[in-house]
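Listed below are the residues making up each chain.
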Amino acid sequence: MSATLFERYGGFAAVSKIVMAFYERLLDDDQVGPYFEDVDLPRLMDHQTKFISTLMGGPASFSDEHLRRVHAQYRISAADFERTNDILASVLLDCGMDEDDVERVMSEFGRRAPSIVDPAGDA
Ligand code: HEM
């Protein structure tokens, strides 16, 4: 059996570094930064570590129903979802992930769009 991306890239320690870089870049971003201004960041980073681990075949997992519940209040537009997608992809590349593997992670990310994007969101 081949190793999961999660295992190949060093498990939780490596994923934590990716999450750290991801959130620094999100918070700095004019378009999607404002979503995260009032969020308890340590908690969010803990959740996102589990989430990105899941996208990479790691142990933790969030159901689509859970994702829908926690994001509904933010009314996230398709454009903001796209922006987040692009930021994550560039972070993964910068963290040294192979292009093929980045594509696999991003396809897992994109698959969650129906749970995250609010069709009535702005733009
Ligand atoms: C595939 C895409 C995404 C996934 C899988 C994801 C996953 C998650 C998870 C697991 C949490 C923590 C849930 C919990 O507290 O139990 C979370 C929280 C959050 N997400 Fe996302 N997210 C995604 C996209 C986005 C996007 C595009 C935005 C905004 C541009 C966003 C904004 C937030 C915010 C603001 C929170 C904080 C909730 C809180 O703890 O108060 N997410 N997300």
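Computed from a predicted model, the values in this text were never measured in an experiment.

A. Just the coordination of the iron atom of the ligand, in detail. Of all protein atoms, just one serves as a donor to the iron atom of the ligand, and that atom is His 71 (NE2), at 2.0 Å. Mapped onto the elements of the fold, His 71 is located in helix α4 (residues 64-71).

B. Region of interest: helix α2 (residues 11-28). Between its first and last C-alpha atoms α2 spans 26 Å; for 18 residues at 1.5 Å apiece the expected length is 26 Å, and the two agree. Every buried residue belonging to α2 is among Gly 11, Val 15, Ile 18, Val 19, Phe 22, Tyr 23 and Leu 26, and all of these are buried. Along α2, the residues classed as buried sweep out an arc of 130 degrees about the axis, all on the same side. Those residues of α2 that are exposed and aimed more than 90 degrees away from the buried face are Ala 13, Lys 17, Glu 24 and Asp 28. Those residues of α2 that are buried are in contact with α1 (5-8), α3 (41-55) and α5 (78-94).

C. Just the pattern of salt bridges, in detail. If you walk through the whole model with that rule in mind, you get ten salt bridges. Of the charged contacts, one joins Asp 46 and Lys 50 as a salt bridge, the two residues approaching to 3.3 Å between their closest N and O atoms. Remark: Lys 50 and Asp 46 occur in helix α3; sequence separation between them is four residues, near one turn of the helix. Across the pair Asp 118 and Arg 75 runs a salt bridge whose closest N-O atoms are separated by 3.4 Å. A residue pair is termed long-range when its members are at least 10 positions apart, and Asp 118 in the segment after α7 (113-116) and Arg 75 in the loop between α4 and α5 qualify at 43 residues. Classification of Arg 75 as partly exposed rests on a relative accessible area of 47%. Members of the salt-bridge network, linked through shared partners, are Arg 8, Asp 101 and Arg 104.

Conventions we followed
- Residues numbered from 1 in each chain as written.
- Predicted model: local features only at pLDDT ≥ 70, side-chain atom pairs only at ≥ 80, totals over all residues.
- Heavy atoms only, no water.
- Donors = N, O, S within 2.8 Å, 3.2 Å for Na, K, Ca; no water.
- Helix = DSSP H or I, 4+ residues; strand = E, 2+ residues; numbered from the N terminus.
- Expected span 1.5 Å × (residues − 1).
- Buried < 20%, exposed > 50% of the residue type's maximum accessible area, 1.4 Å probe, protein only.
- Arc of directions from axis to C-beta.
- Contact = heavy atoms within 4.5 Å.
- Salt bridge = Lys/Arg side-chain N within 4 Å of Asp/Glu carboxyl O.

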